[in-house]
Structure formats: structure tokens, C-alpha cells
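Okay, here's what each chain looks like letter by letter:
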Amino acid sequence: PSPTPIAAARTRSLGHTMDAALLLYYAFWFLGNYYFNLYNKFASMEAGGFAGGMLVTISVAQLAVCSLYGLVMWIVGYNPATMLGLKAPTKHPLPKITLADIGSMMSLSIAFAATHTLGVIALTSGPPAFGQIVKAAEPVFAAVVNTFLYGKSISVSKWLVLPVIVGGVAISTLSPNASGGYTVEYDMTALVAGAVCNVAAAFKGSENAKALEKPGLKERLGGVGNTFALTIMIGFAVSVPVMFALEGGKWSAFIELLSTSAEFRYNIIASGIAFYLYNELATMTLSQTGAVTASVANTAKRAIVLVGMAIALGKPLRFEEKVGATVAICAVLVYSLLKDPPKKKKAA
């Protein structure tokens, strides 16, 4: 039977409400990512950038803030949707996991921690635009890692798009010189850190899927939010000894800066919270939309953050950076829209 006018009106109203909520998810996801990059850059600048020798420590401090936020989420029950008024306050259940479960999440957590730390180095050791453009090449590294290490091949059309992404990154490094030609201008630290970050991100994605295939793990974790929180906490724990091994000599200087500079403290805390919130909001949007929509949104986010950071820091993009970023980001969008080959059915 056809719905009554009142029922139809309620359905339309519910649809509008959900659309508005989804738009807010997207808006705050993009905003959170932008502010993470901004506060992260400010914190690294005050610590002396890559030369200051504290970037790993800053990234681990951000994970500490995220871990504390995750604990608060379990105790108090706040989450991004609650704070935006899109959901009734509900306390997140404590995960009912075992030591074996933590072991099964270890590879994922290590890859996550490596991705975060290397991302911080890539985005703060050189020009923010260059780090963002290098990170846009993540599908190239994911394709190689997934094909040769996880046996997940991509379609021929996707392989053909990968050189275009690399070409966009290459174009962004060109800078006109006095003789009318071009010289290659890039930050080696940002390039290496961004490339290794992309490799770690590829492992993170595959290890996440692999870990959640363990029977009953999803149920014991108690939801996507708990999975993300626990991954951060384990990642923080494994990052601490690495931090002291690499930057232990700078620990006293970091503590002094943290205790004497209110601005530095604010940037560390704000970047940590922004990192947690935008990642969880990104997960929420993915749960309410398809993978293609999420890929398009993620591509748009990168472009918005790239332009926003250039404006906020007063460092306008060079023409070559604009062209290179446009080529790379558009190629990533095309890559996201292309389909993978169908999975082969296992023989009975």
C-alpha cells in the first residue's frame, strides 16, 4: 500500500535530517583535518622543525593526547557525534579483549603509529604543500604493497593512472630559474618521510582488514570507535621506546618547552584532539556512505587542506605546485573511481 501523506512527510523529514547530519560529518571531518595540520605545523615550528630534533616526540605526545581522549570516551561516553548534537549521549562499552587480541592488533598498531609519526615529519620538515602532495601519492605505494605482499591486485586501468599521480608530484618540485629553465626544488626529508609514510599507510590498511577477520574480534572490541581508540593506545605504547631511542637526548628540552610555553602546550593538545576527531568522523562518514563517495570526499579534503594551509601560513602555492597538485589529486580521484578486477571464487 502507498504510504499516507503523514508517513511520507515523516520519511522526507528524516531524509533531510540524515542529509544534514552527513553534511556536518563531512564539514567537521575536513575542518578537523585542516586544524590538525595547522596546529601540528605551529607546534613543530616552535620546536625548531626537523632541525630541532623533536618531531617524533611531538607525534608521540599527540598519540598520548589521543589515548587520554579515548579513555575519557570510555568513562564519560562523549564522541564526535554526541558533541555535534547528532546523537544521544551513549557511553562506549569497554572492549572485552584478550592478550591474544592485542597481539593480533600489534602489526596494525605499529603501522598506524609509523604512519602518524612519518606523516608529522613529512608535513612539518618542509613546505606544507610539498608534504601534502607527496602524501597524495599514497595509492601508488598501496598498489605495490598490496599486489606483491598481500596478493591483492588492482585493475590495469588503475595501474595506468599511477604514473600520472607520480607525474603530478614531480611537476610540483619544478621551480623556474634565472636562465628561463627549471630546477628541481624539494625537501629531501619531507620526500623520504612522505614516501615511507605512504608505505606504512598501505600496510595499515591491509593489516586492519586482516586483524578484523579474526573470529569474534569485532564483537569483543565493541564497535569501530573502540577499534580506533585501542589501535591508538597500542600505537602509543610501542612508540614510546622508539621515541626515546631516536630523540631521548631532546626529552629535557621538550619538557622545558612544554612547561614554559602555553602556546606550545595548546598546539600539542589541540593537534592531538583534532587528529582523533577527524579520523573518527571520517570513519562515521564511511559507515553512512559508499567507498566511492568516501574516496571522492577524501580527495576533496586534501585539496581543501592544501589551499587552506597555504592561506593560513601566508605561503601561496607556486604555479608549478598548483599544476602538480591538481594533476596528482585529480589522478587520485580517477584512481578511486575505477573498479578493481573481480575477486576469484575459491574452488569448492
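Throughout, a residue's number is its position along its own chain's written sequence, starting from 1. Only residues with pLDDT of 70 or above have their local features reported here, since the model is predicted, and side-chain atom pairs are shown and tallied only from 80 upward, although totals for entire chains, interfaces and linings are computed over all residues. In computing side-chain values, all of the structure's heavy atoms are included and hydrogens and water are not.

S.K.: What should I look at first to understand helix H15 (residues 319–337) in this one?
M.R.: For H15, spanning 19 residues, the distance from its first C-alpha to its last is 27 Å, which sits close to the expected 27 Å at 1.5 Å a residue. Using a 1.4 Å probe on the protein chains alone, a residue whose accessible area is under 20% of its type maximum counts as buried, one over 50% counts as exposed, and one in between counts as partly exposed. Put simply, DSSP marks the helices as runs of H or I at least four residues long and the strands as runs of E at least two long, and each gets a number from the N terminus on. What H15 keeps buried is the set Glu320, Glu321, Gly324, Ala325, Ala328, Ile329, Ala331, Val332, Tyr335 and Ser336. Angularly, the buried residues of H15 cover 160° about the axis, an arc narrow enough to put them on a single face. Each residue after the first adds 1.5 Å to the expected span of a helix. Our arc is simply the arc of the directions from the helix axis toward the C-beta atoms.

S.K.: Help me understand helix H9 (residues 188–211) in this model?
M.R.: Three or four residues apart is the spacing at which side chains of an α-helix point the same way, because the helix has 3.6 residues per turn. For H9, which comprises 24 residues, the first-to-last C-alpha distance of 34 Å matches the rise-based estimate of 34 Å (1.5 Å per residue) to within 8%. Considered for burial, the residues of H9 that qualify are Ala190, Ala193, Gly194, Cys197, Asn198, Ala200, Ala201, Ala202, Ser206, Glu207 and Ala211. Looking at the buried side of H9, the elements it contacts are helix H4 (99–104), helix H5 (106–124), helix H6 (128–135), helix H7 (138–149) and helix H10 (217–221). Contact criterion: two residues are considered in contact whenever any of their non-hydrogen atoms come within 4.5 Å of each other.

S.K.: What exactly am I supposed to notice about the environment of Leu306 here?
M.R.: Along the chain, Leu306 falls in helix H14 (residues 291–312). A C-alpha to C-alpha distance of 8.6 Å links Leu306 and Tyr34, two positions 272 residues apart in sequence. Leaving out residues up to four positions away in the same chain, Leu306 has contacts with Ala129, Gln132, Ile133, Leu317, Ala325 and Ile329.

S.K.: Honestly, the nonpolar core in this entry has me stumped. Any pointers?
M.R.: The nonpolar side chains of soluble globular proteins are, as a tendency, buried together. What is meant by a nonpolar core is a set of buried Ala, Val, Leu, Ile, Met, Phe, Trp, Tyr and Cys residues, joined one to another through side-chain atoms within 4.5 Å. In this structure, Trp29, Ile232 and Tyr276 are the most contacted members of the largest nonpolar core, which totals 31 residues. Elements that contribute at least two residues to this core include exactly helix H1 (5–46), helix H2 (55–76), H5, H10, helix H11 (224–247) and helix H13 (262–288). Of all hydrophobic cores here, the second largest spans 21 residues; its members include Ile133, Ala137, Ile154 and Ile165.

S.K.: It is not clear to me how the packing of H5 against H9 should be interpreted in this structure. Could you clarify?
M.R.: Axis lines are fitted to C-alpha atoms, over the contacting stretch for helices. Their N-to-C directions set the angle, which ranges from 0 to 180 degrees. Interhelical geometry of H5 versus H9 gives an angle of 155° and a closest axis separation of 8 Å. In terms of their interaxial angle, H5 and H9 are classed as roughly antiparallel. Our pair here, H5 against H9, has a crossing hand that is left-handed. Contacts between H5 and H9 involve Ser107, Leu108, Ala111, Phe112, Ala114, Thr115, Leu118, Gly119, Ile121 and Ala122 from the first element and Thr189, Ala190, Ala193, Gly194, Val196, Cys197, Ala200, Ala201, Phe203, Lys204, Glu207 and Asn208 from the second. The scheme is simple: roughly parallel for angles under 35 degrees, roughly antiparallel for over 145, roughly perpendicular for 65 to 115, oblique for anything else. Helix crossings are classified by the rotation of the near helix relative to the far one: an anticlockwise turn of less than a right angle makes the crossing left-handed, while a clockwise turn makes it right-handed.

S.K.: So what exactly am I meant to see when it comes to the packing of aromatic side chains here?
M.R.: Pairs of aromatic rings are described using the distance from one ring centre to the other and the angle between the two planes. Planes of paired rings set the category: under 30 degrees apart is stacked, over 60 is edge-to-face and the rest tilted, where pairs are Phe, Tyr or Trp rings (Trp by its six-membered ring) whose centres lie within 6.5 Å. Within the structure shown, the criterion is met by 18 aromatic pairs. For the pair Tyr26 and Trp29, a centre-to-centre distance of 6.0 Å together with 25° between the ring planes defines the contact as stacked. Pair noted here: Tyr26 and Trp29 are both in helix H1, with a separation of three residues, about one helical turn. In this structure Tyr26 comes out as buried when scored by relative accessible area, which is 15%. For Trp29, a relative accessible area of 4% translates into the label buried. Plain terms: the ring middles of Phe130 and Tyr186 are 6.5 Å apart, the flat faces sit at 35° to each other, and that makes the pair tilted. Here the residue Phe130 occupies a position in helix H6, and Tyr186 occupies one in the loop between strand E2 (182–184) and H9, the gap between them amounting to 56 residues. Members of the aromatic cluster, connected to one another through ring pairs, are Phe36, Tyr69, Phe112, Phe228, Phe275, Tyr276 and Tyr278. Lysine NZ or arginine CZ positioned within 6 Å of the ring centre and within 35 degrees of the ring normal marks a charge as sitting over the ring. Seen from the ring of Tyr335, Lys158 lies directly overhead, with NZ or CZ sitting 4.7 Å from the centre.

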